[in-house]
Amino acid sequence: DTVLVIGAEKLTALGGGTLPLNDDDWEASQGMVMPALYAMRAMRYMHDYGLTREQLALVSVKNRANGAMYPDAQMQKPVTVEEVLASRPVADPFTLLQCCPTGDGAAAIIVASDKAAKKYAGKRAIRVLASDLTSGRFTPGFRDMTSPEITVRGSAEAYEEAGVGPQDINLAEVHDAFSIAELIYYEAFGFCARGEAAAFIESGASAINGKVAVN
């Protein structure tokens, strides 16, 4: 009825640099690394939807501003668009401040049944409405790099299971190892339409006091 779940990750044990990928991954065997993959996604999105480098940098500006308000954040210094764009290049169009640092972390959560939770009257509980595990589909040939099919499908399944829609979400923590990822996930989760992620972040919709506070 009651379970303590603990998760931990120690990326510093890998020695820094780009994270090693699985040897049996076909693209990894051809030399693919994560900065390059997301850089290709960013370049394609910029080509298809007119995203500018300044708009792309807003992801780092927003999230560093959020981190500056939290004493345990790994990065606690706010940055400007100009500082983000002036940091050293990593994989075009990414600069250093648009790439995640290596870090270690851990988290714990107590998961309880309704019956067990009732024993702790007065304690704040969060109800889990849905949990979706989605596997990717191997797609040879052309793939649309501006939309993660696995996330579009998985989020639709989670929404259906939970009985909610994107309009009901006001807080989201999404993958943002590289700045373009967050923008792509705005659209994959239905927070805005395809091609509208730049306008979404520029309007402040994903700010901490915005329509959907992201990261």
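A few points about the overall build of the protein
Here comes step 1: Secondary structure assignment for the protein yields eight helices and six strands.
Here comes step 2: Taken from N to C terminus, the helices and strands of the protein fall in the order β-α-α-α-α-β-β-β-α-α-β-α-α-β.
Here comes step 3: Here the protein has a C-alpha radius of gyration of 19 Å; the compact-globule value for 215 residues is 17 Å, and the two agree.
Here comes step 4: Each principal axis of the C-alpha distribution contributes one length, and for the protein these read about 55 × 40 × 40 Å.
Here comes step 5: Counting only contacts in the protein whose residues sit at least 6 apart along the sequence, the fraction spanning at least 24 positions is 65%.

Brief notes about the pairing of strand 1 (residues 2-10)
Here comes step 1: Among the nine residues in strand 1, zero count as buried, and that is only a small part of the element.
Here comes step 2: For strand 1 and strand 4 (residues 104-112), the ladder comprises nine bridges, and the chain directions are antiparallel. Looking across to strand 4, one finds that glutamate 9 is bridged to glycine 105.

A short note on the pattern of salt bridges
Here comes step 1: What the rule picks out here adds up to 11 salt bridges.
Here comes step 2: For aspartate 48, the salt bridge is made with arginine 44, and the minimal N-O distance between the two is 3.3 Å. Of the two residues, aspartate 48 and arginine 44 both sit in helix 2 (residues 34-49), four residues apart, roughly one turn of that helix.
Here comes step 3: Residue class for aspartate 48 comes out partly exposed when judged on its relative accessible area of 35%.

Observations regarding the state of the cysteines
Here comes step 1: Across all of its chains, the model carries zero disulfides by this definition.
Here comes step 2: Unpaired in this structure, cysteine 99 has its nearest cysteine sulfur neighbour in cysteine 100, at a distance of 7.2 Å.

Digging into a nonpolar patch on the surface
Here comes step 1: Among the surface-exposed residues, Val3, Val5, Ile109 and Val111 lie close enough to one another that they form a single nonpolar patch of about 320 Å² accessible area.
Here comes step 2: Put simply, the parts of the chain that give the nonpolar patch at least two residues each are strand 1 and strand 4.
Here comes step 3: Relative to the helices and strands, valine 5 resides in strand 1.
Here comes step 4: On the accessibility criterion, valine 5 (39% relative accessible area) is partly exposed.

Rules of the game
Residues numbered from 1 in each chain as written. Predicted model: local features only at pLDDT ≥ 70, side-chain atom pairs only at ≥ 80, totals over all residues. Heavy atoms only, no water. Helix = DSSP H or I, 4+ residues; strand = E, 2+ residues; numbered from the N terminus. Rg over C-alpha atoms; globule rule 2.2 N^0.38 Å. Contact = heavy atoms within 4.5 Å. Buried < 20%, exposed > 50% of the residue type's maximum accessible area, 1.4 Å probe, protein only. Pairing = 2+ DSSP bridges. Salt bridge = Lys/Arg side-chain N within 4 Å of Asp/Glu carboxyl O. Disulfide = S-S within 2.5 Å. Patch = residues over 30% accessible without salt bridge, like charges linked within 9 Å, V, L, I, M, F, W, Y side chains within 5 Å. Areas by Shrake-Rupley, 256 points an atom, 1.4 Å probe, with all protein chains shown as cover.

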